[in-house]
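Structural characterization, general
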Amino acid sequence: MESQTHTIAHLFAQLGLPSETGAIDTFIDTHAPLPHDLRLIDAPFWTPVQAEFLKSQLEQDSDWSAVIDTLDARLRHRL
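Residues numbered from 1 in each chain as written. Predicted model: local features only at pLDDT ≥ 70, side-chain atom pairs only at ≥ 80, totals over all residues. Heavy atoms only, no water.

1. Examining helix α4 (residues 65–77)
Along its 13 residues, α4 runs 18 Å from first to last C-alpha, staying within 8% of the 18 Å computed at 1.5 Å per residue. The secondary structure elements touched by the buried residues of α4 are α1 (8–14), α2 (21–31) and α3 (48–59). (Helix = DSSP H or I, 4+ residues; strand = E, 2+ residues; numbered from the N terminus. Expected span 1.5 Å × (residues − 1). Contact = heavy atoms within 4.5 Å.)

2. Looking at the side chain of Ser-56
Assignment of secondary structure puts Ser-56 in helix α3. A distance of 3.0 Å separates the side chain of Ser-56 from the backbone oxygen of Phe-53, its partner in a polar contact. (Polar contact = N/O pair within 3.5 Å; in protein donor to acceptor, adjacent residues only side chain to side chain.)

3. Quick look at the packing of α3 against α4
In contact at an axis separation of 9 Å, α3 and α4 are set at 120 degrees when each is read in the N-to-C sense. The angle between the axes of α3 and α4 places the two elements in the oblique class. Where α3 crosses over α4, the handedness of that crossing is left-handed. Here Leu-54, Gln-57 and Leu-58 of α3 come into contact with α4, specifically with Ser-65, Ile-68 and Asp-69. (Axes fitted to C-alpha atoms, helices over the stretch in contact; angles between N-to-C directions. Parallel < 35°, antiparallel > 145°, perpendicular 65-115°, else oblique. Left-handed = near helix turned anticlockwise from the far one by under 90°.)

This is how it looks when you write it as structure tokens:
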């Protein structure tokens, strides 16, 4: 089975969040910088369902892991 490459827009859509570039940038600007001692999945702005999705995908090292890591980096560094 081929692995699928996901984008940050796909991730936001999967999380039930607006997935347009401007909306993603606004989300990141609103919530960044994320403290370095706070795991992404423990950030207070996630719903329990969103946090569980992120956690499970990272634990499984799924196709979503790379884009979740990208989001984590953007929230910490405002890339």
